[in-house]
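The lines below spell out each chain.
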Amino acid sequence: MHKSFDLFFVSSNANKYHEAKNILDSFGINLGFLKSDLDEIQSNSLHDIAIFKAKNAFSKFKKPIIIEDDGLFIDNLHGFPGPYSSYVFKTIGNKGILNLLNNNRKAKFVSIITYCDKTILESFEGKLCGKISKTEQGKNWGYDPIFIPNNSKKTFAEIKNKNEISHRYKALKKFSKWYLHK
Ligand code: IMP
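In short, a report on the structure. (Residues numbered from 1 in each chain as written. Predicted model: local features only at pLDDT ≥ 70, side-chain atom pairs only at ≥ 80, totals over all residues. Heavy atoms only, no water.)

**Details of the site of the ligand**
Next, step 1: Around the ligand, a shell composed of 15 residues is seen, among which K16, D70, Y143, D144 and K162 lie nearest.
Next, step 2: Taking D70, its main chain carries an N or O atom lying 2.8 Å from an oxygen atom of the ligand.
Next, step 3: K162 places a side-chain nitrogen or oxygen 2.9 Å from an oxygen atom of the ligand.
Next, step 4: Across the complex, the protein chains shield 93% of the 490 Å² of accessible surface that the ligand would expose by itself.
Next, step 5: Broken down by secondary-structure element, the contributors of at least two residues to the shell around the ligand are β3 (65-74), α3 (85-91) and α6 (167-179). (Near = heavy atom within 4 Å. Polar contact = N/O pair within 3.5 Å; in protein donor to acceptor, adjacent residues only side chain to side chain. Areas by Shrake-Rupley, 256 points an atom, 1.4 Å probe, with all protein chains shown as cover. Helix = DSSP H or I, 4+ residues; strand = E, 2+ residues; numbered from the N terminus.)

Spelled out as structure tokens, the structure:
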């Protein structure tokens, strides 16, 4: 049943998968989805979290997989929420983040994509700088309504080309280059 897929994206977040699939389709890689809530370690390093998740996903499914770990790093909050972005989104959410900020609104999104199969474990990083909007603008998942990428006046939730510029796109572009030549 899974024969036509080149590899699988393991995550509990279908939004991430749809974006990753759209991006990898453009590089000619056919990405399947294994929906799964993977255990996560607590760490200050997205890389360490991603490696743990990838090993865990491979041992669970025994197929070539990629996983993704992301963080939103806000300058004025010394990089918070960073590796805690998922927990902070679930607790205080976008409104809570907006309440913490004043003039300096610079932020960046970071994505780590980690590939794992029987013999290889390899990570790829994508970063996108921008700022946090003053109010929520547009409707989409996660922090999309409050993140304005550099060179844009609109949030991720309002722009049409998110998948051509995002942190996810940048990490997956590096991954694709490597994957297609390995
Ligand atoms: P994690 O990698 O699942 O731990 O995600 C970290 C947090 O960042 C989650 O709360 C996601 O909703 C959020 N996040 C990651 N990437 C994006 C994005 O592209 N748009 C909006 N929120 C994102």
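**Brief notes about the pattern of salt bridges**
Next, step 1: Scanning all chains against the criterion turns up eleven salt bridges.
Next, step 2: One salt bridge connects K95 with E136, and the closest N-O pair in it is separated by 2.8 Å. With K95 in helix α4 (residues 93-100) and E136 in the loop between β6 (121-132) and β7 (147-149), the pair connects residues that are 41 residues apart, well separated along the chain.
Next, step 3: Put simply, E125 and K127 hold a salt bridge, and the shortest N to O gap is 3.6 Å.
Next, step 4: Take E125: its relative accessible area is 25%, and that puts it in the partly exposed class.
Next, step 5: By relative accessible area, K127 is classed as partly exposed at 43%.
Next, step 6: In the salt-bridge network here, residues are joined through shared partners; they are K16, E19, E68, D70, D144, K162 and R168. (Salt bridge = Lys/Arg side-chain N within 4 Å of Asp/Glu carboxyl O. Buried < 20%, exposed > 50% of the residue type's maximum accessible area, 1.4 Å probe, protein only.)

**Considerations on the pairing of strand β1 (residues 7-11)**
Next, step 1: Most of β1 sits out of view: five of its five residues are buried.
Next, step 2: Of the two faces of β1, the one lined by L7, F9 and S11 and the one lined by F8 and V10 are each fully buried.
Next, step 3: By the bridge criterion, five bridges tie β1 to strand β2 (residues 31-35) in an arrangement that is parallel. By the bridge assignment for β2, F8 is matched with G32.
Next, step 4: For the crossover that starts at β1, traverses helix α1 (residues 14-26) and ends in the parallel β2, the hand is right-handed. (Pairing = 2+ DSSP bridges. Right-handed = clockwise from strand over helix to strand, strands pointing away.)

**Notes on the pairing of strand β5 (residues 106-116)**
Where a strand is regular, its side chains alternate between the two sheet faces.
Next, step 1: Most of β5 is tucked away: nine of the eleven residues are buried.
Next, step 2: Pairing analysis gives ten bridges linking β3 to β5, with the strands arranged antiparallel. In the sheet register, D70 faces β5, and the bridge partner there is S111.
Next, step 3: In terms of strand pairing, β5 meets β6 through eleven bridges, oriented antiparallel. Residue V110 lies in a different strand from β6, and its bridge partner there is K127.
Next, step 4: In this antiparallel pair of consecutive strands, β5 and β6, the connection spans four residues.

**Brief notes about unusual backbone geometry**
Next, step 1: Across the junction of F80 and P81, the peptide omega takes the value 0°, indicating a cis bond.
Next, step 2: For P81, the location among the structural elements is in strand β4 (residues 81-82).
Next, step 3: Even without glycine at this site, K62 takes up a positive phi of about 55°.
Next, step 4: Take K62: it is sitting in the loop between α2 (46-61) and β3.
Next, step 5: Of the residues examined, K62 reaches a relative accessible area of 60% and is grouped as exposed.
Next, step 6: Even without a glycine there, the phi angle at N151 is positive, about 70°.

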